[in-house]
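What follows is each chain in one-letter form.
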Amino acid sequence: MATAVADLPFTNSAQQDETKPFVGTPRKATTHTSQNEGLIFEKSSPGKKAYRLSELDVPTVNASALLGDSLREDLGAMPEMSEIEIVRHFTRLSTWNYAIDLGMFPLGSCTMKYNGRVNEAVSRLEGIAEAHPYQPESLSQGALGIMKLLQDCLLEITGMDAITLQPAAGAHGEFTGILMVRAYHESKGNARKKVLVPDSAHGTNPATAAVVGYQVQNLKSNADGAIDLDELRKAVDEDTAALMLTNPSTIGVFESQIHEIADILHAKGALLYMDGANMNALVGKTRPGDFGADVMHLNLHKTFSTPHGGGGPGSGPVACKAILEPFLPTPVVVERADGTLGFNYDRPQSVGRVRMFYGNFGMFVRALAYTLANGPDGLRQTTEDAVLNANYIRAKLDGYFDLPYKTASMHEVVFSDKLQAKNGVKTGDMGKRLIDYGFHAYTVSFPMIVSGAMMIEPTESESREELDLLIEALQQIAREAAENPELVKTAPHSTRIRRLDETAAARKPVLRWKAPAAPDGVEPDTAAKEW
Ligand SMILES: *Cc1c(COP(=O)(O)O)cnc(C)c1O
């Protein structure tokens, strides 16, 4: 299968020009603007204002009488600018971002699907967007109805018995789920000691188990990247609280022995936690509740098309089997005898509240809009399209990049940089070079069981045309890595800033602006005073 790179049928085989940063004439997905833009503090000029108000015609309040010692006279060097300067400053900065509205995010493990505009429109309806979490139940029947219907849909999709929408993210869902596992074992008199985590797991899994007070025991995968049943049998004992398993696994492979895995755990009284972040490959095709999972989380901001990234709110509902239902966080949505909906707080075995109010309600609305708009057939189609897209990329790039696992891909595909590393070109270099072609990088160096991993998850959102753009760019990069490795090793060439010192950025972050020192003998003006 491993074709010599020089023989590959590259689509962009234009002549190489050493004087230009680009080889050939790649089709670019987006352009990178590279304006220079100073900090807002540097643009400040004393006395400038963004508004002008007329004189107050009502009695003024004496601020110091109201605030006492808390009144702050000196606000430090706040930037002073006109309205248009402020608008332009932030608008220019916003154009430096890469965004799903500009092009695809091939990030594996992240399911960076597009959130349809209609989901946004629905979540902004006045009655929904302005509902207050402290509104009485009688005035919140619509909001409660949205939560109940979403819960019912997610239970149907997962095949589980009970659910909470409270957790705010995937990792938070894991935390909630493993807390419930712990409460379950404690209710039987013994919390048990350890949680098993495969070596292919997302880093949040071992972190979750440790935070909930369990020892983490690593499970080595077999040659296919799946759970090794013999290893599992050896590891499971009466001290095992649970196995945390991602299915399909982080290398995008379905655990076909999942029933047996569940049986091995259950025989020793241990539970199967399923990390459901990869449900984009399963929805409408198979249900974790049917293949033995006891508790799982979903990422609404991945599989159910709510916005992802940019630090916005996420949502990580936890669904479970009936044995774990008593331990769900409070409150839970219930249907009262008179047919109205309400919250039940009287749950003595609950792990307690994990999030203020009931979770990130706006995300529930978007996820429900997405689910209902697709319907059962649409959701199944979505899954099939996501898997087809990943396998299309796999087939088109096989031979250009090393494929460490031969098992068929589900929703994502993992290559490695093995062929390019011979020329000193690493996965991170190629990820950065992809920026020059107008794409966000794929997931670099994860999962850790693949050395030099290049992990790509297109999702069903992407058209064949966009996938072809990405494929062409990656084929071109493979060619560059063979013919002109320096070009790739020094990428990106088209961005405002080239290579950052990633270690220094993480270890010595500069989060505070300090005015440059004023020259000798010059009184610094207020705007330049350190604050
Ligand atoms: C994304 C992801 C998580 C964590 O979800 P967050 O919402 O980012 O906390 C956990 N496990 C897997 C497999 C994931 O892909």
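As the structure is a computational prediction, the values presented were derived from the model and not from experiment.

Asker: Got a minute to help me understand the packing of aromatic side chains in this structure?
Answerer: Any aromatic ring pair is given by two values, namely how distant the centres are and how the planes are angled relative to each other. On inspection of all chains with the given rule, the structure shows 11 aromatic pairs. Considering the side-chain rings of Tyr 184 and Phe 327, the 6.4 Å spacing of their centres and the 85° angle between planes classify their relative orientation as edge-to-face. Of this pair, Tyr 184 sits in helix H7 (residues 170-187) while Phe 327 sits in the loop between strand S7 (318-320) and strand S8 (332-335), and the two are 143 residues apart along the sequence. Under the relative-accessibility criterion, Phe 327 is labelled buried at 4%.

Asker: Sorry, what's going on with the sheet that holds strand S1 (residues 162-164) here?
Answerer: Whenever strands of a sheet pair, they do so through backbone hydrogen bonds, lying parallel or antiparallel. Pairing in this open sheet of 7 strands is mixed, and the strands run S1-S7-S6-S5-S4-S2-S3 from one edge to the other. Each edge of the sheet is formed by a strand with only one pairing partner; in this case those strands are S1 and strand S3 (215-219). Within this sheet the neighbouring strands show an average axis-to-axis angle of 20°, counted without direction. Strand direction decides the pairing type here: strand S6 (residues 295-297) and S7, joined by 3 bridges, are antiparallel. Note that in S7 the partner of Val 295 across the bridge is Cys 320. Where helix H6 (residues 141-158) meets the sheet, it contacts S1, S6 and S7, and its direction lies at approximately 125° from that of S1.

Asker: How should I be thinking about the pairing of strand S2 (residues 194-198) in this particular structure?
Answerer: The side chains of a regular strand alternate between both faces of the sheet. Extensive coverage of S2 is indicated by the burial of 5 of its 5 residues. Pairing of S2 with S3 involves 5 bridges; the strand directions are parallel. The residue of S3 that forms the bridge with Leu 196 is Gln 217. Two elements, S2 and strand S4 (residues 240-246), share 3 bridges in a ladder whose sense is parallel. From the neighbouring strand, Val 195 faces S4, where its bridge partner is Ala 242.

Asker: How should I be thinking about the state of the cysteines in this particular structure?
Answerer: In a disulfide, the sulfur atoms of two cysteines are held together by a covalent bond. All chains considered together, the criterion is met by 0 disulfides. Unpaired in this structure, Cys 153 has its nearest cysteine sulfur neighbour in Cys 320, at a distance of 17 Å. By relative accessible area, which is 17% here, Cys 153 ends up buried.

Asker: Before we go on, may I ask you to explain the site of the ligand in this structure?
Answerer: Around the ligand, 13 residues are found, and the nearest of them are Ser 109, Gly 170, Asp 275, His 301 and Lys 302. Contacts to the ligand include Gly 170, whose backbone N or O atom sits 2.7 Å from an oxygen atom. Within the contact set of the ligand, an oxygen atom lies 2.7 Å away from a side-chain nitrogen or oxygen of Lys 302. Summarising the interface, the protein chains cover 86% of the accessible area of the ligand, which totals 380 Å² for the free molecule. Examining the composition of the shell around the ligand, we find that 3 residues originate from one element, H7, more than from any other. The residue makeup of the shell around the ligand, split by class, is 3 nonpolar, 7 polar and 3 charged.

Asker: Before we go on, may I ask you to explain helix H13 (residues 427-436) in this structure?
Answerer: Given 3.6 residues per turn, any residue in an α-helix points the same way as the ones three and four places further on. Among the 10 residues that make up H13, 7 are buried, leaving the element largely enclosed by the rest of the structure. Listed as buried for H13 are Thr 427, Asp 429, Met 430, Gly 431, Arg 433, Leu 434 and Asp 436. Tucked inside the fold, the buried residues of H13 contact helix H12 (418-421), strand S11 (443-444), strand S12 (453-456), helix H14 (464-483) and helix H15 (485-489). Immediately beyond the C-terminal end of H13, within one or two residues, lies Gly 438, with a positive phi of roughly 85°.

Asker: Looking at this structure, how should I read the environment of Ser 138?
Answerer: Among the structural elements, Ser 138 can be located in the loop between helix H5 (126-129) and H6. The class for Ser 138 is exposed, based on a relative accessible area of 58%. Sequence spacing of Ser 138 and Gly 342 is 204 residues, and the spatial spacing of their C-alpha atoms is 8.3 Å.

Asker: What should I look at first to understand the domain arrangement of the protein chain in this one?
Answerer: One widely used convention gives an interface's size as the accessible area the parts lose upon coming together. Looking at the protein chain, the domain boundaries give domain 1 (117-373) and domain 2 (383-504). Its C-alpha centre places domain 1 at a distance of 31 Å from the equivalent point of domain 2. Counting from both sides, the interface comprises 22 residues of domain 1 and, opposite them, 20 residues of domain 2. Summing both partners gives a buried area of about 1,500 Å² for domain 1 against domain 2, and 61% of it is carried by carbon and sulfur. Among the residues domain 1 hides against domain 2, the three largest losses belong to Thr 250, Ile 251 and Asn 280. Together they make up 35% of the total. There are 1 salt bridge connecting domain 1 and domain 2. For Lys 285, the salt bridge is made with Glu 384, and the minimal N-O distance between the two is 2.5 Å. Where domain 1 packs against domain 2, one counts 4 residue pairs in polar contact (both at pLDDT 80 or more). When its residues are assigned to classes, the side of domain 1 that touches domain 2 shows 10 nonpolar, 9 polar and 3 charged.

Conventions used here
- Here the residue numbering is sequential within each chain, running from 1 through the sequence in written order.
- Residues qualify for local features only when their pLDDT is at least 70, as the model is predicted, and side-chain atom pairs are given and counted only at 80 or more; totals for whole chains, interfaces and linings, by contrast, use all residues.
- Only hydrogens and water are set aside when side-chain values are computed; all heavy atoms of the structure are taken into account.
- Pairing of aromatic side chains requires ring centres within 6.5 Å, counting the rings of Phe and Tyr and the six-membered ring of Trp. Pairs whose planes differ by under 30 degrees are stacked, by over 60 edge-to-face, and all others tilted.
- Numbering goes from the N terminus for both helices and strands, where a helix is a DSSP run of H or I of at least four residues and a strand is a run of E of at least two.
- Residue burial is assigned from relative accessible area. The probe radius is 1.4 Å, only protein chains are included, and a residue is buried under 20% of its type maximum, exposed over 50%, and partly exposed in between.
- Here the rule is simple: two strands pair whenever DSSP picks up at least two bridges between them.
- Interaxial angles span 0 to 180 degrees and are taken between N-to-C directions of axes, which are lines fitted to C-alpha atoms, for helices over the stretch in contact.
- By definition, residues are in contact when any of their heavy atoms lie within 4.5 Å.
- Any cysteine sulfur atom paired with another within 2.5 Å is treated as part of a disulfide.
- Proximity is defined per residue: any heavy atom of the residue falling within 4 Å of a molecule or strand makes that residue near it.
- Here a polar contact means two N or O atoms within 3.5 Å. Within protein one must be a hydrogen donor candidate and the other an acceptor candidate, and residues neighboring in sequence count only if both atoms are side-chain atoms.
- For accessible areas, the Shrake-Rupley method is used with a probe of radius 1.4 Å. Any residue's cover is judged against the shown protein chains and nothing else.
- Charged means Asp, Glu, Lys or Arg here, nonpolar means Ala, Val, Leu, Ile, Met, Phe, Trp, Tyr, Cys or Pro, and polar covers whatever is left, Gly included.
- These domain boundaries are the output of an automatic or database domain assignment.
- Buried area: the sum, over both parts, of the accessible surface (1.4 Å probe) that disappears when the two are put together.
- Here a salt bridge means any side-chain nitrogen of Lys or Arg lying within 4 Å of a carboxyl oxygen belonging to Asp or Glu.

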